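The primary structure of each chain is shown beneath.
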Amino acid sequence: MDQTLDEVNKHCGEHVQAYASCVDSHGETWKTDCLGLRKALTECSDKNVTLMKMVRLSCQPVIDRYQEFLGKNSQTPHVCIDALRDLYECTESVGQMMDKMNSLQRKHGELAPGMVGNKEV
(Lines give C-alpha, C1' and ligand atoms only; values in the text may rest on other atoms or scores of the structure.)
Protein backbone atom coordinates (compact mmCIF):
# COMPACT_ATOMS: atom_id res chain seq x y z
CA MET A 1 0.00 0.00 0.00
CA ASP A 2 2.94 2.34 0.65
CA GLN A 3 3.97 2.04 -3.00
CA THR A 4 0.46 3.03 -4.05
CA LEU A 5 0.47 6.08 -1.79
CA ASP A 6 3.89 7.03 -3.17
CA GLU A 7 2.46 6.84 -6.69
CA VAL A 8 -0.55 8.94 -5.74
CA ASN A 9 1.80 11.57 -4.30
CA LYS A 10 4.02 11.38 -7.38
CA HIS A 11 1.18 11.91 -9.87
CA CYS A 12 -1.35 13.82 -7.76
CA GLY A 13 0.74 15.53 -5.11
CA GLU A 14 -0.84 18.94 -5.67
CA HIS A 15 -4.30 17.44 -5.24
CA VAL A 16 -3.21 15.65 -2.05
CA GLN A 17 -1.81 18.88 -0.60
CA ALA A 18 -4.87 20.93 -1.53
CA TYR A 19 -7.25 18.37 -0.03
CA ALA A 20 -5.19 17.98 3.16
CA SER A 21 -5.00 21.77 3.59
CA CYS A 22 -8.74 22.08 3.09
CA VAL A 23 -9.47 19.37 5.66
CA ASP A 24 -7.08 20.98 8.15
CA SER A 25 -8.62 24.42 7.78
CA HIS A 26 -12.33 23.51 7.79
CA GLY A 27 -12.80 21.71 11.10
CA GLU A 28 -16.19 20.04 11.30
CA THR A 29 -17.35 21.22 7.86
CA TRP A 30 -14.52 19.64 5.87
CA LYS A 31 -16.72 16.88 4.44
CA THR A 32 -18.84 19.36 2.51
CA ASP A 33 -16.32 22.20 2.09
CA CYS A 34 -13.66 19.93 0.60
CA LEU A 35 -15.87 17.67 -1.52
CA GLY A 36 -14.72 19.19 -4.84
CA LEU A 37 -11.06 18.72 -3.92
CA ARG A 38 -11.74 15.14 -2.83
CA LYS A 39 -13.39 14.39 -6.18
CA ALA A 40 -10.45 15.96 -8.04
CA LEU A 41 -7.99 13.82 -6.05
CA THR A 42 -10.05 10.69 -6.74
CA GLU A 43 -10.16 11.44 -10.48
CA CYS A 44 -6.41 12.08 -10.58
CA SER A 45 -5.56 8.88 -8.72
CA ASP A 46 -7.96 6.79 -10.80
CA LYS A 47 -6.48 8.20 -13.99
CA ASN A 48 -2.81 7.92 -13.03
CA VAL A 49 -2.49 5.04 -10.55
CA THR A 50 -3.87 1.77 -11.90
CA LEU A 51 -3.73 -0.02 -8.56
CA MET A 52 -5.70 2.76 -6.88
CA LYS A 53 -8.43 2.45 -9.49
CA MET A 54 -8.51 -1.32 -9.06
CA VAL A 55 -8.75 -0.94 -5.28
CA ARG A 56 -11.64 1.48 -5.63
CA LEU A 57 -13.47 -0.83 -8.03
CA SER A 58 -12.88 -3.97 -5.98
CA CYS A 59 -13.17 -2.59 -2.46
CA GLN A 60 -15.86 0.10 -2.73
CA PRO A 61 -18.33 -1.63 -0.37
CA VAL A 62 -15.56 -2.04 2.22
CA ILE A 63 -14.47 1.58 1.74
CA ASP A 64 -18.07 2.72 2.19
CA ARG A 65 -18.46 0.64 5.36
CA TYR A 66 -15.28 2.11 6.84
CA GLN A 67 -16.32 5.67 5.98
CA GLU A 68 -19.74 5.05 7.51
CA PHE A 69 -18.12 3.78 10.71
CA LEU A 70 -15.89 6.84 10.88
CA GLY A 71 -18.84 9.14 10.28
CA LYS A 72 -20.85 7.57 13.08
CA ASN A 73 -17.90 7.32 15.47
CA SER A 74 -15.88 10.46 14.82
CA GLN A 75 -15.32 10.96 18.55
CA THR A 76 -14.29 7.32 19.11
CA PRO A 77 -12.55 6.17 15.91
CA HIS A 78 -10.91 3.22 17.69
CA VAL A 79 -14.24 1.36 17.44
CA CYS A 80 -13.69 1.29 13.66
CA ILE A 81 -10.66 -1.01 13.89
CA ASP A 82 -12.46 -4.05 12.43
CA ALA A 83 -13.69 -2.03 9.45
CA LEU A 84 -10.17 -0.64 8.99
CA ARG A 85 -8.73 -4.16 9.10
CA ASP A 86 -11.25 -5.28 6.47
CA LEU A 87 -10.25 -2.34 4.26
CA TYR A 88 -6.56 -3.16 4.68
CA GLU A 89 -7.15 -6.82 3.80
CA CYS A 90 -9.16 -5.87 0.73
CA THR A 91 -6.52 -3.46 -0.57
CA GLU A 92 -3.77 -6.01 0.06
CA SER A 93 -5.70 -8.71 -1.81
CA VAL A 94 -6.10 -6.39 -4.80
CA GLY A 95 -2.35 -5.67 -4.72
CA GLN A 96 -1.60 -9.39 -4.63
CA MET A 97 -4.01 -10.00 -7.49
CA MET A 98 -2.28 -7.28 -9.55
CA ASP A 99 1.11 -8.83 -8.75
CA LYS A 100 -0.08 -12.24 -9.93
CA MET A 101 -1.65 -10.75 -13.04
CA ASN A 102 1.54 -8.90 -13.92
CA SER A 103 3.63 -12.00 -13.21
CA LEU A 104 1.53 -13.96 -15.70
CA GLN A 105 1.69 -11.13 -18.20
CA ARG A 106 5.50 -10.90 -17.85
CA LYS A 107 5.69 -14.57 -18.78
CA HIS A 108 3.85 -13.64 -21.96
CA GLY A 109 5.82 -10.44 -22.51
CA GLU A 110 3.36 -7.74 -21.46
CA LEU A 111 2.30 -5.91 -18.30
CA ALA A 112 -0.88 -4.16 -17.38
CA PRO A 113 -0.62 -0.64 -18.81
CA GLY A 114 1.63 1.56 -16.70
CA MET A 115 2.55 -1.16 -14.20
CA VAL A 116 5.72 -2.84 -12.96
CA GLY A 117 4.70 -5.38 -10.34
CA ASN A 118 1.97 -3.63 -8.40
CA LYS A 119 3.81 -0.35 -8.88
CA GLU A 120 2.76 2.29 -11.37
CA VAL A 121 5.50 3.67 -13.65
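From a predicted model like this one, the values you see are computed outputs, not experimental measurements. (Residues numbered from 1 in each chain as written. Predicted model: local features only at pLDDT ≥ 70, side-chain atom pairs only at ≥ 80, totals over all residues. Heavy atoms only, no water.)

Draft legend 1. Just the state of the cysteines, in detail. The tally for this structure, following the rule as stated, stands at three disulfides. Each disulfide pairs two cysteine sulfurs, and for C12 the partner residue is C44, the sulfurs being separated by 2.1 Å. An S-S torsion of about -95 degrees defines the bridge between C12 and C44 as left-handed. Here the residue C12 occupies a position in helix α1 (residues 2-25), and C44 occupies one in helix α3 (residues 35-48), the gap between them amounting to 32 residues. (Disulfide = S-S within 2.5 Å. Helix = DSSP H or I, 4+ residues; strand = E, 2+ residues; numbered from the N terminus.)

Draft legend 2. Region of the structure containing the environment of L5. For L5, the position within the fold is in helix α1. When its relative accessible area of 41% is taken as the criterion, L5 is described as partly exposed. Put simply, L5 and V49 are 44 residues apart on the chain and 9.3 Å apart in space, counted from C-alpha to C-alpha. (Buried < 20%, exposed > 50% of the residue type's maximum accessible area, 1.4 Å probe, protein only.)

Draft legend 3. Highlighting the layout of surface pockets. Its volume calculated, the largest pocket comes out at about 1,200 Å³. Lining the largest pocket are 31 residues, and of these Y19, R38, I63, Y66 and Q67 sit closest to its centre. Of all the secondary-structure elements, those providing two or more residues to the lining of the largest pocket are α1, α2 (30-33), α3, α4 (50-72) and α5 (81-107). For the lining of the largest pocket, the leading source of residues is α4, giving nine residues. Residues that form the lining of the largest pocket fall into these classes: 19 nonpolar, eight polar and four charged. (1 Å grid on protein atoms, 1.4 Å probe; cavity = no way out; pocket = protein on both sides within 12 Å on 5 of 7 lines; lining within 4 Å. Points joined across faces, edges and corners; volume = space filled by probe spheres on them. Nonpolar A, V, L, I, M, F, W, Y, C, P; charged D, E, K, R; others polar.)

Draft legend 4. Main features of the nonpolar core. Ranked by size, the top nonpolar core spans eleven residues in total: L51, V55, C59, I63, Y66, C80, A83, L87, C90, V94 and M98. Of all the elements in the fold, those that place two or more residues in this core are α4 and α5. Sequence-distant contacts of V55, that is, excluding residues within four places in its chain, are made with Q60, I63, T91 and V94. Counting nine residues, the second largest nonpolar core, distinct from the first, contains V8, C12, Y19 and L41. (Core = buried A, V, L, I, M, F, W, Y, C linked by side-chain atoms within 4.5 Å. Contact = heavy atoms within 4.5 Å.)

Draft legend 5. Up close: the confidence of the model for the protein chain. Looking at the protein chain as a whole, its pLDDT mean stands at 86, while 88% of the residues score no less than 70. Strand β2 (residues 119-120) is the least confidently modelled element of the protein chain, averaging 51 in pLDDT, while α3 averages 94, the highest of any element. (pLDDT = per-residue confidence, 0-100.)

Draft legend 6. Here's a closer look at the pattern of salt bridges. Counting across every chain of the model gives four salt bridges. The residue D86 makes a salt bridge to R65 at a minimum N-O spacing of 2.6 Å. Here D86, found in helix α5, pairs with R65, found in helix α4; they are 21 residues apart in sequence, far enough to count as distant. One salt bridge in this structure joins E68 and K72, with 2.9 Å as the shortest N-O distance. With E68 and K72 both in helix α4 and four residues apart, the pair spans about one turn of that helix. Judged by relative accessible area, E68 falls into the partly exposed class, the value being 45%. Using a relative accessible area of 63% as the deciding quantity, one classes K72 as exposed. (Salt bridge = Lys/Arg side-chain N within 4 Å of Asp/Glu carboxyl O.)

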